[in-house]
Amino acid sequence: MNHTTRFAPSPTGYLHLGHAYAALFARARGSRFLLRLEDIDAGRCRPEYAEAILEDLAWLGIRWDGPVRVQSAHAAEHRAALQRLRPFLYPCFCTRADIAAAAAAPHGPAGPVYPGTCRGLSAAEAAERIAAGIPHAWRLDVARAMQGLPPLSFHELGQGRLPCDPLAVGDVVLARKDAGLSYHLCVVVDDAAQGVTLVTRGEDLQPATAIHRLLQELLGLPEPLYAHHRLILDAAGRRLAKRDRAATLRDLRAAGLSPADVLALLPPWQPSPLPSARSSA
Ligand code: GLU
């Protein structure tokens, strides 16, 4: 098990039990375990949450290898990748309301699929709108980007190769004019830059893997293995969210729980043991 894994929380709130599980799941599957702070959403991320992540992990006894990669410090690498994808990008001027109003907008595994309204704009029209200062995002033309590529798939640990279809997710936003680059682009660039060989994360992100595989192909990045894990639910069966304060690690700590008490609240995170290669004979 010579994998490099990582835990990549966004400092938009305090860590909860779901994060502790995700970090332990990753650490148990790698001989090298990295930490990355995904802090590109400047509007939602806060330095005090970033500090709290380091502190909470240390309190739980979860240590990582090497320096912490702070995503926002690598904007030049992300921009260079965006530049290389330019032939497959188009500017999109739709607002959220425009997209919601497009009656035909189908729903894909990762949410609403962009109906393609701006895909057909002429270069002249797009240039005119940009010049007029209309806010826009840059979307990936998935169908065009896939031309000439073999069918895509990913390797899910324990399940083998699974087919995946980026068209089902649709033309994702890779950059916004004022709000920087998207999760999809940064995550594939950073996983490759950090030499991550096994990406572990919650099963809610599995649909996004189709887009990540496409970006890896387009950018010539190595393909990691994937292990998508269960989400930790609250007593009512809802997935934990950062707004559920009661479940934050600091609140559990403030309530007097020890690290061992907190770990005991989690389902097992170790990989199931492989059948022994040595028989008893
Ligand atoms: N930053 C993401 C999150 O906090 C994790 C992304 C990933 O592991 O690919 O949900």
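Since this is a predicted model, take the numbers as computed values, not measurements.

A. Layout of the overall build of the protein. Looking only at helices and strands, the protein features 11 helices and 13 strands. Scaling as 2.2 N^0.38, a compact globule of 281 residues should have a C-alpha radius of gyration of about 19 Å, and the protein matches this with 20 Å. By its C-alpha atoms, the protein is 70 × 50 × 35 Å across when sized along the principal axes. Among the 281 residues that make up the protein, the fraction classed as buried is 47%. Carbon together with sulfur atoms contributes 55% to the accessible area of the protein, which is approximately 14,400 Å² in total. The distance from the centre of the 31 positive side-chain charges to the centre of the 27 negative ones in the protein is 2 Å.

B. Here's a closer look at the site of the ligand. Every residue lining the ligand is accounted for by Arg6, Ala8, Pro9, Ser10, Glu38, Tyr183, Val187, Arg201 and Leu205. Note that an oxygen atom of the ligand is positioned 2.5 Å from one of the side-chain N or O atoms of Arg6. Within the side chain of Ser10, an N or O atom sits 3.1 Å from a nitrogen atom of the ligand. Contact with the protein chains removes 77% of the 300 Å² of surface that the ligand exposes when unbound.

C. Fine view of the side chain of His228. One can find His228 in strand S13 (residues 225-229). Polar side-chain contacts of His228 include one of 3.1 Å to the side chain of Thr209.

D. Helix H3 (residues 75-84), seen in detail. Where H3 is concerned, the buried positions are His78, Ala81 and Leu82. Take H3 and look down its axis: the buried residues cluster within an arc of 100°, on one side only. Opposite the packed face of H3, turned more than 90 degrees from it, sit the exposed residues Ala76 and Arg84. Where H3 is buried, its residues touch strand S4 (89-92), strand S10 (173-176), strand S11 (180-181), helix H8 (183-193) and helix H9 (208-219).

E. Structural context of the sheet that holds strand S1 (residues 4-7). An order of S1-S2-S3 is seen for the three strands of this open sheet, with the pairing classed as parallel. With one partner strand each, in any of the chains shown, S1 and strand S3 (69-70) form the two edges of the open sheet. Bridge analysis of strand S2 (residues 32-37) against S3 gives two bridges, and the strand direction is parallel. From the neighbouring strand, Arg36 faces S3, where its bridge partner is Arg69.

F. Representation of the sheet that holds S11. If you walk across this open sheet you meet the four strands as S4-S7-S10-S11, and the pairing is antiparallel. Every interior strand has two partners, whereas the edge strands, S4 and S11, have only one. Inspection of the sheet shows S10 paired to S11 by two bridges, in the antiparallel sense. Bridging across to S11, Ala175 finds its partner in Leu181.

G. Representation of the pairing of strand S9 (residues 160-163) within the structure. Pairing of strand S8 (residues 153-156) with S9, which is carried by four bridges, proceeds in the antiparallel orientation. By the bridge assignment for S9, Phe154 is matched with Leu162. Where S8 folds back onto S9 in an antiparallel hairpin, the turn is made up of three residues, including Gly158, whose phi is positive at roughly 85°.

H. How the structure looks around the packing of H8 against H9. The interhelical angle for the contact between H8 and H9, taken along N-to-C directions, is 60°, at an axis separation of 10 Å. Put simply, H8 runs oblique to H9. The crossing of H8 and H9 is right-handed. Seen from H8, the contacting residues are Tyr183, His184, Leu185, Val187, Val188 and Val189; seen from H9, they are Ala208, Ile211, His212, Leu215, Gln216 and Leu219.

I. Layout of the packing of H3 against H8. Following both chains from N to C, one finds H3 and H8 inclined at 115°, their axes separated by 10 Å at the closest point. One way to sum up the angle between H3 and H8 is to call them roughly perpendicular. For the crossing formed where H3 meets H8, the hand is right-handed. Of H8, the residues touching H3 (which contributes Glu77, His78, Ala81 and Leu82) are Leu185, Cys186, Val189, Asp190 and Ala193. Looking at the contact of H3 with H8 residue by residue, the classes come out as six nonpolar, one polar and two charged.

Parameters and conventions
- Residues numbered from 1 in each chain as written.
- Predicted model: local features only at pLDDT ≥ 70, side-chain atom pairs only at ≥ 80, totals over all residues.
- Heavy atoms only, no water.
- Helix = DSSP H or I, 4+ residues; strand = E, 2+ residues; numbered from the N terminus.
- Rg over C-alpha atoms; globule rule 2.2 N^0.38 Å.
- Buried < 20%, exposed > 50% of the residue type's maximum accessible area, 1.4 Å probe, protein only.
- Areas by Shrake-Rupley, 256 points an atom, 1.4 Å probe, with all protein chains shown as cover.
- Lys, Arg positive; Asp, Glu negative; His and termini not counted.
- Charge placed at Lys NZ, Arg CZ, Asp CG, Glu CD.
- Near = heavy atom within 4 Å.
- Polar contact = N/O pair within 3.5 Å; in protein donor to acceptor, adjacent residues only side chain to side chain.
- Arc of directions from axis to C-beta.
- Contact = heavy atoms within 4.5 Å.
- Pairing = 2+ DSSP bridges.
- Axes fitted to C-alpha atoms, helices over the stretch in contact; angles between N-to-C directions.
- Parallel < 35°, antiparallel > 145°, perpendicular 65-115°, else oblique.
- Left-handed = near helix turned anticlockwise from the far one by under 90°.
- Nonpolar A, V, L, I, M, F, W, Y, C, P; charged D, E, K, R; others polar.

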